[in-house]
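Residue-level structure breakdown
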Amino acid sequence: MKNKQKVLQIIVTIITIFNLIRLPIPYNVKFDKSEAEVMLRETYMPLEDFVRTGIPTEDEELLLVPDDVKDEEDFIKLFDKQINDFVVKNFFEDLIIEKEGNLYIDRKVYIPTIYQKDSLVTKSYIRKYTRSLYSFILGRDENTEEKLVIKEKWKITGEWFRRSNYFIKNNDGEWVLRYFNGSGMYKFVEVDHNPWNYN
C-alpha cells in the first residue's frame, strides 16, 4: 500500500513539474498613467457623446436617441471598434428602452467612465509573459496575448467604486477594450441623482 502511495506521489509530482514548465510566466510592465487616462477618455468618449446628444421628450425619464442611431448596429458603429462589440451591446441593453417603435435613453441609468467627477486612474500596466521552459527546450514560438490593464475609480453618491479595463491589440497594433470588471452600471431612483448632465 505504501509503495502505491509513493508511486502515486511521484506521478503527481512529475505531472505538476511538467505542467509548470509548459506555462509561460506573467510579469507586469508599467504603463504611464497619464497616457492611460487619455486612452480611457478616447475609448469612452462615444458613450459620453451619445448620451449628451439625446433629445429631450415630454417624459422627463427618457431622451430620444440621436437621429443617426436607428438600432443596435448603429450604436455599435459609434464606437468605431475601440471597444469589443459584446461590451457595447451590453451598454445598449442597459441604456436603451424601445417604446412605440422609437429608441430612448433611460435617464435613470448611469454608466460611469473616466469623465466622472473625482475619477482617477489608480494603476496601469501591460501584462506580458516570459517564454515557457517547455517552448524554450523544444524551440517553439508561443503566441501569448499581452494585455494592457487600466484600473480606475470614481466617487458616486459619496462612495468609491472601481473598475479594471482590459485592452488587447487588434490586427493593426492598436489597443482595443476587450472587457472590464468591477462597477458597470447604476440605475437611480430619481433622474436628478444621475451624475450625467443631460442639459
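Reference entry: report on the structure contained in this document. (Residues numbered from 1 in each chain as written. Predicted model: local features only at pLDDT ≥ 70, side-chain atom pairs only at ≥ 80, totals over all residues. Heavy atoms only, no water.)

**Here we look at the layout of surface pockets**
Unfilled space is identified by rolling a water-sized probe across the atoms. There is about 170 Å³ of room inside the largest pocket. Around the largest pocket sit Met39, Glu42, Thr43, Asp80, Lys81, Gln82, Asn170, Glu174, Trp175 and Val176, which together line it. Looking at the lining of the largest pocket, the elements that each hand over two or more residues are helix H2 (33-52) and strand E10 (175-182). The element best represented in the lining of the largest pocket is H2, accounting for three residues. Residues belonging to the lining of the largest pocket are distributed by class as follows: three nonpolar, three polar and four charged. (1 Å grid on protein atoms, 1.4 Å probe; cavity = no way out; pocket = protein on both sides within 12 Å on 5 of 7 lines; lining within 4 Å. Points joined across faces, edges and corners; volume = space filled by probe spheres on them. Helix = DSSP H or I, 4+ residues; strand = E, 2+ residues; numbered from the N terminus. Nonpolar A, V, L, I, M, F, W, Y, C, P; charged D, E, K, R; others polar.)

**Details of H2**
For an α-helix, the turn length of 3.6 residues means that residues three or four places apart are oriented alike. A rise of 1.5 Å per residue sets the reference length of H2, with its 20 residues, at 28 Å; its end C-alpha atoms lie 27 Å apart and thus fit the reference within 8%. Of all bends in H2, the biggest is about 45°, found at Tyr44, and the proline Pro46 comes one to four residues later. Within H2, burial applies to Ala36, Met39, Leu40, Thr43, Tyr44, Pro46, Leu47, Glu48, Phe50 and Val51. (Expected span 1.5 Å × (residues − 1). Bend = angle between axes of the 7 residues up to and from the residue. Buried < 20%, exposed > 50% of the residue type's maximum accessible area, 1.4 Å probe, protein only.)

**Considerations on helix H4 (residues 85-95)**
Among all positions in H4, only Val87, Val88, Phe91, Phe92 and Leu95 are buried. For H4, the angular spread of the buried residues around the axis is 145°, confining them to a single face. Among the exposed residues of H4, those pointing more than 90 degrees away from its buried face are Phe86 and Glu93. Measuring from the backbone nitrogen of Phe86 back to the side-chain oxygen at the start of H4 gives 2.7 Å, which picks out Asn84 as the cap. (Arc of directions from axis to C-beta. Polar contact = N/O pair within 3.5 Å; in protein donor to acceptor, adjacent residues only side chain to side chain.)

**Some details on the sheet that holds strand E2 (residues 55-56)**
One open sheet accounts for four strands, arranged E2-E3-E5-E4; its pairing is antiparallel. Of all the strands in the sheet, just E2 and strand E4 (96-99) have a single pairing partner and so form its edges. Relative to strand E5 (residues 102-106), strand E3 (residues 62-64) is paired through three bridges, and the arrangement is antiparallel. Across the sheet, residue Leu62 finds its bridge partner in E5, namely Asp106. The strands touched by H4 within the sheet are E4 and E5, with E4 carrying the most contacts at an inclination of about 55°. (Pairing = 2+ DSSP bridges. Contact = heavy atoms within 4.5 Å. Axes fitted to C-alpha atoms, helices over the stretch in contact; angles between N-to-C directions.)

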